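Commentary on secondary and tertiary structure
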Amino acid sequence: MLYSDLAAKQVSLSLDLAVELPKVKGDPVQLQQVLINLLLNGSEAMASMSPDERRLQVCSRKQEPATHEVSVRDNGTGIDPERLEQVFEPFFTSKNQGLGMGLAISRSIAAAHGGRLWASNHPDGGALFQFELPISTEINP
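Note that the coordinates shown come from a computational prediction; the quantities given were computed from them, not determined experimentally. (Residues numbered from 1 in each chain as written. Predicted model: local features only at pLDDT ≥ 70, side-chain atom pairs only at ≥ 80, totals over all residues. Heavy atoms only, no water.)

Looking at the overall build of the protein chain
- A tally of regular secondary structure across the protein chain gives three helices and five strands.
- Its helices and strands in sequence order give the protein chain the pattern α-β-α-β-β-α-β-β, from N to C terminus.
- At 15 Å, the protein chain has a C-alpha radius of gyration in line with the 14 Å of a compact globule built from 141 residues.
- Dimensions of the protein chain along its principal axes, counting C-alpha atoms only, are 50 × 30 × 30 Å. (Helix = DSSP H or I, 4+ residues; strand = E, 2+ residues; numbered from the N terminus. Rg over C-alpha atoms; globule rule 2.2 N^0.38 Å.)

Here you go:
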């Protein structure tokens, strides 16, 4: 879905996705929106870098006791540590263009699904956004 956008921005994407994860209960469109927002933000955070350095990584894994975790890491300059929580506030933006609503909405979506979304700086550089969602306890026939 984002292939053409990432290709136009010369961003490479790597996936490290766990296989056979249990299902989560949620609205697939809303959860897709969270992931799209994190990928677009990550690609925009690397706009000033040379194309060969623009890398995004998406990972998924099961966390104990019963959650899925998805992480999106960019290879940019990271986030000022004093602003790690501020980036989730409505209308906060560090971009020339943008409303500053994407991360606030994404955090609300994660919370509405019983999960959470947070940000940190990766020790090797770049920003790391992670969200976790509870594994569904519903039994499907």
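Thoughts on the layout of surface pockets
- Space inside the largest pocket adds up to approximately 700 Å³.
- Lining the largest pocket we find 31 residues, and of these N41, A45, I79, S94 and K95 sit closest to its centre.
- Where the lining of the largest pocket is concerned, the elements lending two or more residues are α2 (28-45), β3 (67-74), α3 (102-112) and β5 (127-134).
- Per-element tally for the lining of the largest pocket: the top contributor is α2, with six residues.
- When grouped by side-chain class, the residues that make up the lining of the largest pocket number 14 nonpolar, 11 polar and six charged.
- Its boundaries defined by the atoms lining it, the second largest pocket holds a volume of some 350 Å³. (1 Å grid on protein atoms, 1.4 Å probe; cavity = no way out; pocket = protein on both sides within 12 Å on 5 of 7 lines; lining within 4 Å. Points joined across faces, edges and corners; volume = space filled by probe spheres on them. Nonpolar A, V, L, I, M, F, W, Y, C, P; charged D, E, K, R; others polar.)

What about unusual backbone geometry?
- Cis rather than trans, the peptide bond between E64 and P65 has omega equal to 5°.
- The residue P65 is located in the loop between β2 (55-63) and β3 in this model.
- In this structure, F91 is a non-glycine residue whose phi angle is positive, near 75°.
- Secondary-structure assignment places F91 in the loop between β3 and α3.

A few points about α2
- The first and last C-alpha atoms of α2 sit 26 Å apart over 18 residues, in line with the 26 Å expected at 1.5 Å per residue.
- For α2, the set of buried residues is L31, V34, I36, N37, L38, L39, N41, G42 and S43.
- For α2, the N-terminal cap is D27; the gap from its side-chain oxygen to the backbone nitrogen of V29 is 2.8 Å. (Expected span 1.5 Å × (residues − 1). Buried < 20%, exposed > 50% of the residue type's maximum accessible area, 1.4 Å probe, protein only. Polar contact = N/O pair within 3.5 Å; in protein donor to acceptor, adjacent residues only side chain to side chain.)

None of the figures reported here should be taken as evidence of function without further support.
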